[in-house]
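Observations on chain architecture
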Amino acid sequence: MLLVGLLPPFCFMRKLQFFFCFCSRLYQVEYAMEAIGNAGSAIGILSTDGVVLIGEKKVTSKLLQTSTSAEKMYKIDDHVACAVAGIMSDANILINTARVQAQRYTFMYQEPMPVEQLVQSLCDTKQGYTQFGGLRPFGVSFLFAGWDKNYGFQLYMSDPSGNYGGWKAAAVGANNQAAQSILKQDYKDDATREEAVELALKVLTKTMDSTSLTSEKLELAEVYLTPSGNVKYHVHSPESLTKLLVKHGVTQPAAETS
């Protein structure tokens, strides 16, 4: 009889505990998002013939050799790449996890892993780190660009909470709200890759903290189909990026020395 008398209050307390658990704010996730807001910005734009990713590299020292290491763009599989904004050590863990998942799927089914399935799997891992007090969320946001036979070219954005969504154009990192506003105004559904690159450079010109864009401060990558039908992931070299900046009037050509 005593147990029966105690059972309803106990059940009520358990329900109350679950209520507060689901309705309370996760401050660590909010702090992680604030930290990402101070990271170098990254922009992804979906076009009719590919996906363009561009990112701002934070050059912290003149002694840093920026040309030998990637900071913003990473290849996950032959058909999927990503741009990163946030804590790079956290990003490396998640990128390696995504690479393993993609290879396991290919080994098991003998075909590339669908892009959204790969993104969802990785975001499930990120969300798991928000559920326990002894863990902290991954302080990194991703822009995923890829192609599969189901939906063609795709662009996804994910945040530290594990949420993700498909986008036509998206920005993460510093000044992402201003960048998102410009993308809303100037994005066109029928834009080509060349037009997407031009728009991405325009957005960075207006939102970056530095006064001028140079190849040392940027990384530009594209995902597209070759004439043979294969998915190609291409990262522009500093020389190619400089030519694009000059072509679109973002920077002035270097003066020739006699």
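Residues numbered from 1 in each chain as written. Predicted model: local features only at pLDDT ≥ 70, side-chain atom pairs only at ≥ 80, totals over all residues. Heavy atoms only, no water.

- As annotated in an unreviewed UniProt entry, the chain carries the name Proteasome subunit alpha type and is attributed to Arabidopsis lyrata subsp. lyrata.
- You can read under Function (unreviewed entry) in the UniProt record for the chain the words "The proteasome is a multicatalytic proteinase complex which is characterized by its ability to cleave peptides with Arg, Phe, Tyr, Leu, and Glu adjacent to the leaving group at neutral or slightly basic pH. The proteasome has an ATP-dependent proteolytic activity." (UniProt positions renumbered as here; feature names shortened; annotations may be inferred.)

A word on the nonpolar core
- In this structure, I43, I45, L143, L183 and L218 are the most contacted members of the largest nonpolar core, which totals 43 residues.
- A per-element tally of this core places helix α6 (residues 193-207) first, with 7 residues.
- In this view, L218 contacts G55, E56, K57, L201, L204, M208, L213, L241 and L245; residues no more than four positions away in its chain are not counted.
- Core analysis: the next-biggest nonpolar cluster, separate from the first, contains 22 residues, C82, V84, L94 and V115 among them. (Core = buried A, V, L, I, M, F, W, Y, C linked by side-chain atoms within 4.5 Å. Buried < 20%, exposed > 50% of the residue type's maximum accessible area, 1.4 Å probe, protein only. Helix = DSSP H or I, 4+ residues; strand = E, 2+ residues; numbered from the N terminus. Contact = heavy atoms within 4.5 Å.)

Section: the pattern of salt bridges
- By the definition in use, this model includes 8 salt bridges.
- Its salt-bridge partner being K75, residue D78 comes within 3.3 Å of it at the nearest N-O pair.
- Residue K202 pairs with D186 through a salt bridge whose shortest N-O separation is 2.6 Å. Remark: D186 occurs in helix α5 (residues 176-186) and K202 occurs in helix α6; sequence separation between them is 16 residues.
- Classification of K202 by relative accessible area gives partly exposed; the value is 32%.
- Classification of D186 as partly exposed rests on a relative accessible area of 25%.
- Sharing partners across several salt bridges, the network here consists of D49, R193 and E222. (Salt bridge = Lys/Arg side-chain N within 4 Å of Asp/Glu carboxyl O.)

Comments concerning the pairing of strand β9 (residues 218-225)
- The element β9 is largely enclosed, with a buried count of 7 among its 8 residues.
- As paired strands, strand β2 (residues 50-56) and β9 are joined by 7 bridges and run antiparallel to one another. Each residue of the ladder has a partner; that of L53, found in β9, is A221.
- In the sheet, β9 pairs with strand β10 (residues 231-235) via 5 bridges, with the strands oriented antiparallel. By the bridge assignment for β10, L225 is matched with V231.
- Count of turn residues in the β9/β10 antiparallel hairpin: 5 residues, of which G229 carries a positive phi of about 95°. (Pairing = 2+ DSSP bridges.)

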